[in-house]
Amino acid sequence: PRAGAALLLLALALTPAASARTREELEATMRMPLIVEYDRTLEDPAVLYEWYRGYISRGGDRVLYNRIPKTGSGSMLNFLGDGFDGTPALSGLSFEHLPQGAWSPSAKGTKTWVDWYRAHVDAGDAQIYGEGHGTFVDLPRWGLPPAVWFTVFRNPAERVVSQFYYGLHDKAMVAFQRQVCGLPDSGPVPRMYECTQELQCFACSTWISDIVPRYLVPINEPEHANKALEEADFAEARRIVRDEYLLVMPLEDIQHGWQLLECLMPGDTFAGIAQKWAESNPVMNVNAVKPRALAEDGAVATRIARLMGEEGVYHEAMRRFCGLWAMAERYLSCPS
């Protein structure tokens with residue numbers, strides 16, 4: 001079957017979330033339906049082509065990969081940049097790991113991104129390739145030339161569950177969650193459902209689902225980092241995904257993602273990258289603490305992701321991905 005048709009199965013089943021993150025809203029979201037209907041129409045390929053032509057005027061010499069937790073970012077890191085064990089980048093592109101300070105999605109982390117980028121611009125570097133955990137940065141706002149951005153998203157419910165159990169690899173985190181969830185000091189690892197069902201562990205329902213404030217809304221001022229998000233913030237996150245990222249690739253179909261990125265990226269630097277990814281035989285990291293295969297965790301995660309705005313952003317990203325695939329087939333004669 002044509003890849004474009006298959007990709008539609010990934011997308012468009014999610015919704016923009018409501019407003020500020022409050023305990024009352026978390027309680028309300030426990031009663032939200034899991035099935036929501038959406039507009040499944042694709043964007044006009046002609047309109048997308050005009051957007052694309054404007055976007056690639058940025059060129060392909062300044063490219064930034066913004067790592068989202070629990071989306072295969074470890075494998076992406078080893079593919080794009082030199083591994084932490086010193087092994088060369090499998091892609092041959094050698095993306096630079098941003099300083100650890102840039103991995104804090106905060107005003108301080110944003111400044112680290114900006115300072116790192118500005119140093120390369122001031123040095124007149126012909127290519128600036130970087131990756132790291134951090135909020136999206138509106139570089140022209142800081143008097144800097146724009147970059148080409150890309151990232152990887154994952155089904156929000158699966159990502160939220162994975163993020164929750166990833167935190168449990170740390171004994172201190174397990175002890176913390178036992179305490180705030182009102183669970184015994186020993187016994188099975190706390191389940192996400194136990195925490196949220198009792199609603200005594202509101203903290204573990206927020207730190208696991210903070211993609212919107214941490215990675216997609218520009219956190220350029222200290223007071224923004226802790227503000228309660230509203231629909232305007234979610235709308236801005238969806239706009240950033242649409243207008244500021246060349247591509248958001250779906251983890252569920254990452255090979256097609258690489259094919260489309262190779263097709264869209266200006267110049268020939270990324271030529272052959274989809275084949276290199278396939279040949280690298282990537283193995284995604286798995287959590288040391290395995291989630292239990294219980295429907296309750298998935299149901300709770302879906303509702304939390306919806307409330308926190310992540311579902312709506314994912315929906316927008318996948319709608320754009322499918323639209324770009326159709327646009328590329330019509331106007332760029334790729335991917336092939």
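What you are looking at is a predicted structure, and each value in this text was computed from that prediction instead of being measured.

Asks: Would you take a moment to explain unusual backbone geometry for this structure?
Replies: Trans is the common state for peptide bonds, and a negative phi is the common state for residues other than glycine. In this structure, proline 335 follows cysteine 334 across a cis peptide bond, with omega equal to 0 degrees. The topology assignment puts proline 335 in the segment after helix 15 (310-331). Even without being glycine, serine 94 reaches a positive phi, approximately 55 degrees. Structurally, the position occupied by serine 94 is in the loop between helix 4 (73-80) and strand 2 (96-97).

Asks: Would you mind going over helix 4 with me for this structure?
Replies: Side chains of residues three or four places apart in an α-helix project in the same direction, reflecting 3.6 residues per turn. With 7 of 8 residues buried, helix 4 is to be regarded as a mostly interior element. Burial in helix 4 covers these residues: Ser73, Gly74, Ser75, Met76, Leu77, Phe79 and Leu80.

Asks: Mind showing me how you'd approach the state of the cysteines here?
Replies: Such a bond, covalent and formed between the sulfur atoms of two cysteines, is termed a disulfide. For the structure shown, the criterion picks out 1 disulfide. Here cysteine 263 engages in a disulfide with cysteine 334; their sulfurs sit 1.9 Å apart. Taking the torsion about the S-S bond as the criterion, the cysteine 263 to cysteine 334 disulfide, at about 65 degrees, is right-handed. Of this pair, cysteine 263 sits in helix 12 (residues 254-264) while cysteine 334 sits in the segment after helix 15, and the two are 71 residues apart along the sequence. Both residues of the pair, cysteine 263 and cysteine 334, count as buried.

Asks: Any chance you could explain the sheet that holds strand 2 here in plain terms?
Replies: Sheet strands line up and pair through hydrogen bonds in the backbone, either parallel or antiparallel. The 5 strands are arranged 2-3-1-4-5 in an open sheet whose pairing can be described as parallel. The sheet is open, and its two edges are formed by strand 2 and strand 5 (245-250), each paired on a single side. Two strands pair when backbone bridges link them, and strand 2 and strand 3 (residues 128-132) are joined in this way by 2 bridges, in the parallel orientation. Counterpart to histidine 97 in the pairing with strand 3 is glutamate 131. Helix 5 (residues 107-122) rests against strand 1 (62-66), strand 2, strand 3 and strand 4 (148-153) of the sheet, and its axis sits at about 165 degrees to strand 3.

Asks: Looking at this structure, how should I read the packing of helix 6 (residues 156-166) against helix 15?
Replies: In a packed pair of helices, the relevant descriptors are the angle between the two axes and the axis-to-axis distance. Remark: helix 6 packs on helix 15, axes separated minimally by 10 Å, with the N-to-C direction vectors making an angle of 130 degrees. Put simply, helix 6 runs oblique to helix 15. Contact with helix 6, carried on its side by Pro156, Arg159 and Val160, involves Glu310, Glu311 and Tyr314 of helix 15 and no other residues of that element. Across the contact of helix 6 with helix 15, the residue classes break down as 3 nonpolar, no polar and 3 charged.

Asks: Looking at this model, I keep getting lost on the pattern of salt bridges. Mind explaining?
Replies: Pairs may arise between side chains of opposite charge once their charged atoms sit close together. One pass over the full model with this rule turns up 11 salt bridges. Where aspartate 243 meets arginine 239, a salt bridge forms, and the shortest distance between an N and an O atom there is 3.8 Å. Of this pair, aspartate 243 and arginine 239 both sit in helix 11 (residues 231-243), 4 residues apart, roughly one helical turn. Look at aspartate 243 and you get partly exposed, because its relative accessible area is 27%.

Thresholds applied
Residues numbered from 1 in each chain as written. Predicted model: local features only at pLDDT ≥ 70, side-chain atom pairs only at ≥ 80, totals over all residues. Heavy atoms only, no water. Helix = DSSP H or I, 4+ residues; strand = E, 2+ residues; numbered from the N terminus. Buried < 20%, exposed > 50% of the residue type's maximum accessible area, 1.4 Å probe, protein only. Disulfide = S-S within 2.5 Å. Pairing = 2+ DSSP bridges. Contact = heavy atoms within 4.5 Å. Axes fitted to C-alpha atoms, helices over the stretch in contact; angles between N-to-C directions. Parallel < 35°, antiparallel > 145°, perpendicular 65-115°, else oblique. Nonpolar A, V, L, I, M, F, W, Y, C, P; charged D, E, K, R; others polar. Salt bridge = Lys/Arg side-chain N within 4 Å of Asp/Glu carboxyl O.

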